[in-house]
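The chain contents come next:
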Protein chains: 2
Amino acid sequence: MSLNLLISQGETPIKERHELDEIFNPRSIAVVGASSDPNKAGYHFFKGLVDLKFDGAIYPINLDGSDVLGFKGYRNLRNVPGPIDYVIIAIPAHEVPKIIEDCASKGVKVVHIFTSGFSETGRANRTKLEAQIAEIARKGNVRIIGPNCMGIYHPKIGLSNFGVFPTKESGPVGFISQSGGNTGDFARLGLVRGLRFSKLVSYGNASDLDSTDFMEYFAWDSETKIICAYIEGVKDGRRFVNVLKEVARLKPVIILKGGLTEAGTRAVSSHTGVLAGSDAIWKALFHQTGTIQVESLREMTDLALAFSHMSCPKGRRAGIVGIGGGASVAAADFCEKAGLMVSRFMEGTIAGLEKITPVAGTSVKNPVDSPVGRRVAVPEYEETLRLVASDPQIDFLIVHLTIDWRIRTSEDRKNLQDLTEVLTRIKKSLGKPVVAVLRSSQSFQSWQVFLEEQNRYLEGGIPVYLTLEDAANAVSKLIQYYEFREKVT
Amino acid sequence: MSLNLLISQGETPIKERHELDEIFNPRSIAVVGASSDPNKAGYHFFKGLVDLKFDGAIYPINLDGSDVLGFKGYRNLRNVPGPIDYVIIAIPAHEVPKIIEDCASKGVKVVHIFTSGFSETGRANRTKLEAQIAEIARKGNVRIIGPNCMGIYHPKIGLSNFGVFPTKESGPVGFISQSGGNTGDFARLGLVRGLRFSKLVSYGNASDLDSTDFMEYFAWDSETKIICAYIEGVKDGRRFVNVLKEVARLKPVIILKGGLTEAGTRAVSSHTGVLAGSDAIWKALFHQTGTIQVESLREMTDLALAFSHMSCPKGRRAGIVGIGGGASVAAADFCEKAGLMVSRFMEGTIAGLEKITPVAGTSVKNPVDSPVGRRVAVPEYEETLRLVASDPQIDFLIVHLTIDWRIRTSEDRKNLQDLTEVLTRIKKSLGKPVVAVLRSSQSFQSWQVFLEEQNRYLEGGIPVYLTLEDAANAVSKLIQYYEFREKVT
């Protein structure tokens, strides 16, 4: 059943258009503080829009009204001839209130305040300044993202976030983040590993729009199929809980909670000025709502990859095929630790494997230690995969090998590509989900081959992991989410 | 106190020369099965010795006595004019017994049997063949490494292991591994991340020499300061326990135990044919002996890096300096979860930091969120580090930043290098241990810069980690080991 269908059948009636949708889809943007000086943030926000060819009008606003990157500049928002939907503010904190007033008179729908130096400093006068800005905006019907944040990245329309993400290519992953740095780290890491994003939003101090608002919007947004979030704390706990409960039933929600320890909580209060709440409360909330909790951005990437690129296996029984005995042992250990099952093959599978497997140095049990050597015999590899994937005791495949063995000569390299091709073919014909683990030393050459090969796996609908533990963990949590959803719907 | 001194003061009297030392230091090597055909294992073993310029005589042995890579070939070991210390066997299993007989008549000290297809197959006739070989060797005074393994890599003398490790550069890390694949994976990963090895040994089925023998030898070997091991099971449990108890008091011992789950145990029996033992027993043993247990080769690399490149902090109090608020929260969380302390700074430190820190978007508490922006102001960064490192409440520093922000222009790149230089200077002048975390998206460009920059940190005595959790875990386990050793000695 598709997510959209689920949404329309859910208890929350589907809205014609979500009120935040126009905020994520502006037709015109002004950058206040836009500059030709690459040492200024305003330069990068403006350049990001230019580079990504934003699908609408863009206006640089600065003190002397000078042009930026060939675009006509203005001294003031009110001087801009056309309407402005979206304003990015990158000027000192004390000048922000005046700009918000201008935004209100101009009929701007949303401001993204990049500027920091507000409530997160812990100083009374700065907290007051933030409240004052929020009040001006509320009265003027202007919504706020921030302050102290990186704003929105909406690749499809070329709405760039500080110009750090180079692509308009979009995909199923939405990301909501209190931290701008984490937005950058996660998005860059994700793009390299094969994630594509619907929308990202870094919202900082959340003086107006909070994680809960974005969570609701992403639940509604048909472009977003998987919701990831980095959260340090929320302002309205009860509303957050209610929304999370609804949203996690419709789409997978993957959350990294910052500030779960005493030291982390203190760091949160210096960072975005919110109350972090106790570890136990958050854990209980995540458990109860079917939210997937992760410990790091690396784990979040792994999980989002699984949800982006594979369907849910029918059960927890892994068929493991790989090259290397030690790695096979590790595969079995990690699967069982992660709550997956390394079940025994049917007699017929073993008999079939015995026919094609040399006696020396290989195993025909699960995990299968595939024919050894630098160059793998392709027909035997294909038959091995076919036998294991056809076994009714097996719900999905974990396939692993070491890249470094297979990059010395062009024949090695060709062999590696053949293995990828065989696996994607088997997956297509037999229909069971597959995850791949490509071990790499991450030497320069090995990493280059990893990245190339990874993309060929992804095109075949196979997520790729760096280690067996990462793969086992991702698949297990994927299954756990769908088990939860089945129970509650 | 140096490790050598500790050894000589320990309860085990130091031996003049350990009996295995000549096995690790052969003066002449023959490769049985050496071939000019790159599809044969014998080619790679021989080529490895040639490429690494082995410091002694090397002889190819094959059926027709043909030369290999310009070296004179022989049909039989006995035809070789000079003495042979070390023989690598890469021919089918059933031909091995005859070769062992030849080794005995030739006075060979040790054979490394690469060939597999023995007890690990679980077949009675193959297990018998292995026992028969062991018996011939025992009677002929020949020691065996293997079968079913990759043998020894001793970089200093150019004793290569399958030609996969390209360097004669050596270092403090010894590695003992039942699995040949894990030897390759760990060594390659380690070399990329800055580990250097004294000796590696992959010993497979352990029909003669077992992990315990190598453990004892590495304890004695002054070239080896840190002992890493991948173990699936041991043959003489009592002896292993006694040796481990002694060795872990002298040098850090880091062990990855394969086969801790039911599925892993089954995989072990197909791999090297040993009994894996229960999880609880191994955990208790490691705890009791002060052995550092790791969950993966990645974690082993992280630990070996810490022991190779940093001294032990005086306590568990981390001073964290980094760029990015979300990352600072994560740093605090991960430190506390790992059992480190993120202590409060002295008043003077905070006052000093306040003088140089802009109000906006940074924190002067621990963790310090250092001046933001793409280009960091170097004098302020240096002063920040100096203040934190001088604080008597701080035992060591964790310093973190994101690579990707700093690679767009040559000025960014220069700024990154300046930050490295400042940190290594501070470390040198103030003497407290430092670890660095360089976050990277691992895009091609970002990873290249990571590798370059990593080496500059390592030269300054600062181990580099990919993530904050990896760094916190490594430092915590390093401290735990030294705490244990202080208690028992």
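Residues numbered from 1 in each chain as written. Chains lettered and ligands numbered in written order. Predicted model: local features only at pLDDT ≥ 70, side-chain atom pairs only at ≥ 80, totals over all residues. Heavy atoms only, no water.

Visitor: Which residues make up the packing of helix H15 (residues 410-430) of chain B against helix H16 (residues 444-459) of chain B, and what are the values?
Guide: Residues and elements named next belong to chain B. Close contact between H15 and H16 brings their axes to 10 Å; oriented N to C, the two are set at 25°. Taken together, the axis directions place H15 and H16 in an arrangement best described as roughly parallel. Crossing angle aside, the handedness with which H15 passes H16 is right-handed. For the pair H15 and H16, contact is made by Arg413, Leu416, Gln417, Thr420, Leu423 and Thr424 and by Val449, Glu452, Glu453, Arg456 and Tyr457, respectively. Taken together, the residues of the contact of H15 with H16 break down into 4 nonpolar, 3 polar and 4 charged. (Axes fitted to C-alpha atoms, helices over the stretch in contact; angles between N-to-C directions. Helix = DSSP H or I, 4+ residues; strand = E, 2+ residues; numbered from the N terminus. Parallel < 35°, antiparallel > 145°, perpendicular 65-115°, else oblique. Left-handed = near helix turned anticlockwise from the far one by under 90°. Contact = heavy atoms within 4.5 Å. Nonpolar A, V, L, I, M, F, W, Y, C, P; charged D, E, K, R; others polar.)

Visitor: Residue-level account of the relation of the copies chain A and chain B, with values.
Guide: After a rotation of 180° and a shift along the axis of 0.0 Å, chain A superposes on chain B with an RMSD of 0.0 Å. What the rotation and shift describe, once combined, is the action of a two-fold rotation axis. Counting the interface residues of chain A, we find that 100% of their copies in chain B are interface residues as well, pointing to one common contact surface. (Least-squares fit on C-alpha atoms with pLDDT ≥ 70 in both.)

Visitor: Tell me about the packing of helix H11 (residues 297-309) of chain B against helix H17 (residues 468-488) of chain B, and please be specific about residues and values.
Guide: All names here are of chain B. Contact geometry of H11 with H17 gives a least axis separation of 9 Å together with a crossing angle of 60°. In terms of orientation, H11 and H17 fall into the oblique class. By crossing handedness, the relation of H11 to H17 is classed as right-handed. Residue-level inspection shows Glu299, Asp302, Leu303, Ala306 and Phe307 of H11 in contact with H17, the latter providing Asp470, Asn473, Ala474, Lys477, Leu478, Tyr481 and Tyr482. When its residues are assigned to classes, the contact of H11 with H17 shows 7 nonpolar, 1 polar and 4 charged.

Visitor: Explain the sheet that holds strand S3 (residues 86-89) of chain B to me, using residue names and the numbers behind them.
Guide: Note on sheets: strands pair through backbone hydrogen bonds, and any given pair is parallel or antiparallel. Residues and elements named next belong to chain B. Strand order in the open sheet formed by 5 strands is S2-S1-S3-S4-S5, with parallel pairing between adjacent strands. Two strands bound the open sheet, and with one partner strand each, they are strand S2 (57-61) and strand S5 (143-145). Across the sheet, the mean angle separating the axes of adjacent strands is 20° when strand polarity is ignored. Across 4 bridges, strand S1 (residues 28-32) lies against S3 in parallel orientation. When the sheet's bridge partners are listed, Ile29 is paired in S3 with Tyr86. (Pairing = 2+ DSSP bridges.)

Visitor: Please give an account of the side chain of Gln293 of chain A that cites residues and values.
Guide: With respect to the secondary-structure elements, Gln293 of chain A resides in strand S11 (residues 292-294). Non-local contacts of Gln293 of chain A, meaning those with residues more than four positions away in its chain, are made with Ile255, Lys257, Leu260, Lys283, Phe286, Glu299 and Lys477 of chain A.

Visitor: Describe the interface of chain A and chain B, naming the residues involved and giving the relevant values.
Guide: The interface of chain A with chain B comprises 74 residues on the first partner and 74 residues on the second. Summing both partners gives a buried area of about 5800 Å² for chain A against chain B, and 53% of it is carried by carbon and sulfur. For the pair chain A and chain B, the number of links is 6 salt bridges. Note that Glu295 of chain B is salt-bridged to Lys337 of chain A, the shortest N-O span being 2.6 Å. Counting every contact that joins chain A to chain B gives 25 residue pairs in polar contact (both at pLDDT 80 or more). When residues of the side of chain A that touches chain B are traced back to their parent elements, those giving at least two are helix H6 (180-193), helix H9 (262-271), helix H12 (325-337), helix H16 (444-459) and helix H17 (468-488) of chain A. (Buried area = accessible area lost by both parts, 1.4 Å probe. Salt bridge = Lys/Arg side-chain N within 4 Å of Asp/Glu carboxyl O. Polar contact = N/O pair within 3.5 Å; in protein donor to acceptor, adjacent residues only side chain to side chain.)

Visitor: Outline the side chain of Ser28 of chain B, supporting the account with residue identities and numerical values.
Guide: Residue and element names in this part refer to chain B. Here Ser28 shows up in strand S1. Of note is the side chain of Ser28, whose polar atom sits 2.9 Å from the backbone oxygen of Pro83. Discounting residues that sit within four places of it in the chain, Ser28 has contacts with Phe54, Ala57, Tyr59, Pro83, Ile84, Asp85 and Tyr86.

Visitor: Tell me about the pairing of strand S4 (residues 110-113) of chain A, and name the residues and values.
Guide: All names here are of chain A. On S4, burial covers both faces: Val110 and His112 on one face and Val111 and Ile113 on the other are all buried. Where the polypeptide runs from strand S3 (residues 86-89) across helix H4 (residues 96-106) and back to S4, its parallel neighbour, the crossover connection is right-handed. Here 3 bridges tie S4 to strand S5 (residues 143-145), and the two strands are oriented parallel to one another. By the bridge assignment for S5, His112 is matched with Ile145. (Buried < 20%, exposed > 50% of the residue type's maximum accessible area, 1.4 Å probe, protein only. Right-handed = clockwise from strand over helix to strand, strands pointing away.)

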